[in-house]
Amino acid sequence: MKFRYLLPFFCMAVLNIYAQTATPAATPPMGWNSYNCFGSAVHENEVKANASYMAKYLKPYGWQYVVVDFLWAYDNPPGSNIGNPYQKNLQDGSFVPWLTMDKWGRLLPQTDKFPSAFGGHGFKPLAGYVHQHGLKFGIHVMRGIPRQAVWAKSPVLGTNGITADMIADTGSKCDWLNHMYGLNMDNPGAQAYLNSLLKLYASWGVDFIKVDDIARPYHKKEIEGYRKAIEQCGRPITLSISPGETPVSEAEHVTKNANMWRMADDFWDNWKEILHMFDYAKRWEGIGGKGHWPDCDMLQIGKLSKRGPVGNERYSRFTDDELYTHMTFWCIFRSPLMIGGNLPENRLIERKLFTNAEVLAVNQQGIDPKQLYKKEDSMVWYSHVPNSHDVYVALFNTGDAAQDVTIDFASVGLKGNVKVRNLWEKQNEGVFKNTYAKTINKHGAALLRLTPSN
């Protein structure tokens, strides 16, 4: 094996950490998110277990974010996997369930689930644990301001007499979780509220926020509000927005204001959803780049739905070939890589999928990914290897039987003899002239590096 193939193994983590420190999401963020395995009911010890696993096994390959997903302010009863608890009004207008909230109308982690938050510490102790492992900490938030803060007329920190009811857009509501109102960003107190949120998150040590219910419909002013709040909070924070479908017509705006954005609704372990994701990605082709990435959603790999939110507890329903297709496409397209499965329960196949440095280099370093062709039962995407004439090529068999999938070297700018390296198998296939064909199982994929050899 030549040194150039070993380079990603030794250098990826260093390059990734340097890039993320210099510019948030300079390369596609890589990490773990609690939603797909724990829904609303993740507990502090489980977050720590995933952080410890990442630090031990995945950090050397560039994985770094540990993200607590939604409803961390809600007290899930023991054994509960309720995903979207509906808030109801009591006779005096107050709400049940009541979410943990400070006097400024800002939600706080619920201490039954996050004991280290007791005494007003918020997520600072948990973020500190993650940081001690050389990783970064993130949280999920819902767009807007809590309805209970509007009822309580909570004062807005940093303003003179403005209260939550004066900045809420009570006609703007999430259609699947009724805890929040949108913000009327034409009221100066609205930006002050977002500023107070991000200053709080920065004081906790948050490195990443995922803002939900903001991309469909596309809430342009509120997205700008979060970006402005991040800019004044004193800490570099990566901004992710969801869910899809973020309109392609807003590409110019979203690339200026968000670091990553969902292209589609929640993605789960179903082959048809992979086929749909190919189409979503094609619409966003050529738009991703340093600091801004179209997001295919989380990796449905590993142990899922331990406490909901979709289906029974299981390992991913994808076949092994489909798992490789899933990971291959997310890498060649340069989507953010956020693992959805519970890391401590990873098996050998999950370890292989997450720790192939040559494959991850395609995601972190590939230049200008494009679809070369798409037929009824096959597809090819490619990108360029930086500082070389080499090309990354991903071959996909989308049909229901094994078949050869072919790459014509001239179609990706290569002529004559070409060395072919199989990145998943970590071996050289040989030198070929003009074309290369690979027999691929149904729903499978191959990922190659092509090197001119004239």
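The rules we used
- Residues numbered from 1 in each chain as written.
- Predicted model: local features only at pLDDT ≥ 70, side-chain atom pairs only at ≥ 80, totals over all residues.
- Heavy atoms only, no water.
- UniProt positions renumbered as here; feature names shortened; annotations may be inferred.
- Helix = DSSP H or I, 4+ residues; strand = E, 2+ residues; numbered from the N terminus.
- Rg over C-alpha atoms; globule rule 2.2 N^0.38 Å.
- Buried < 20%, exposed > 50% of the residue type's maximum accessible area, 1.4 Å probe, protein only.
- Contact = heavy atoms within 4.5 Å.
- Areas by Shrake-Rupley, 256 points an atom, 1.4 Å probe, with all protein chains shown as cover.
- Lys, Arg positive; Asp, Glu negative; His and termini not counted.
- Charge placed at Lys NZ, Arg CZ, Asp CG, Glu CD.
- Pairing = 2+ DSSP bridges.
- Axes fitted to C-alpha atoms, helices over the stretch in contact; angles between N-to-C directions.

Looking at an unreviewed UniProt entry, one finds the protein chain named Alpha-galactosidase and attributed to Mucilaginibacter gotjawali. We quote the UniProt Sequence similarities (unreviewed entry) comment for the protein chain here in full: "Belongs to the glycosyl hydrolase 27 family."

J.: What exactly am I supposed to notice about the overall build of the protein chain here?
T.: In terms of regular secondary structure, the protein chain is built from 13 helices and 23 strands. In summary, the protein chain has a C-alpha radius of gyration of 23 Å against a globular reference of 22 Å for 454 residues, a match within 12%. Dimensions of the protein chain along its principal axes, counting C-alpha atoms only, are 75 × 40 × 40 Å. Relative to its 454 residues, the protein chain shows a buried fraction of 59%. Nonlocal contacts in the protein chain, meaning residues at least 24 apart in sequence, comprise 72% of its contacts between residues at least 6 apart. Accessible area for the protein chain stands at about 17800 Å²; split by element, carbon and sulfur atoms hold 51% of it. Charged side chains in the protein chain number 49 positive and 44 negative. The centres of these two groups are separated by 6 Å.

J.: Please explain the pairing of strand β17 (residues 378-384) as it appears in this structure.
T.: A regular strand carries its side chains on alternate faces of the sheet. Of all seven residues making up β17, six are buried, and the element is well covered by its neighbours. Alignment of strand β16 (residues 367-374) against β17, held across five bridges, turns out to be antiparallel. Within β17, the position partnered with Gln 371 by the bridge is Trp 381. The hairpin turn running from β16 into β17, its antiparallel successor, is three residues long. Across seven bridges, the pairing between β17 and strand β18 (residues 391-397) is antiparallel. Across the sheet, residue Ser 378 finds its bridge partner in β18, namely Asn 397. With antiparallel pairing between neighbouring strands as the criterion, β17 and β18 make up a hairpin whose turn holds six residues, including Asn 387 at a positive phi of roughly 60°.

J.: I would appreciate a short explanation of the sheet that holds strand β23 (residues 445-452) in the present structure.
T.: On the basis of which strands lie adjacent, the open sheet formed by six strands has the order β16-β17-β18-β23-β20-β21 and antiparallel pairing. The open sheet has two edge strands with one neighbour each: β16 and β21 (427-433). Neighbour-to-neighbour, the strand axes of the sheet open up by a mean angle of 25°, direction not taken into account. Helix α11 (residues 320-333) rests against β16, β17, β18 and β23 of the sheet, and its axis sits at about 145° to β18.

J.: Would you mind showing me how to read the UniProt feature "domain: Alpha galactosidase C-terminal" (unreviewed entry) in the protein chain here?
T.: Residues given the UniProt feature "domain: Alpha galactosidase C-terminal" (unreviewed entry) here are residues 380-450. The distance from the first to the last C-alpha atom of residues 380-450 is 14 Å, and the span holds 0% helix and 61% strand.

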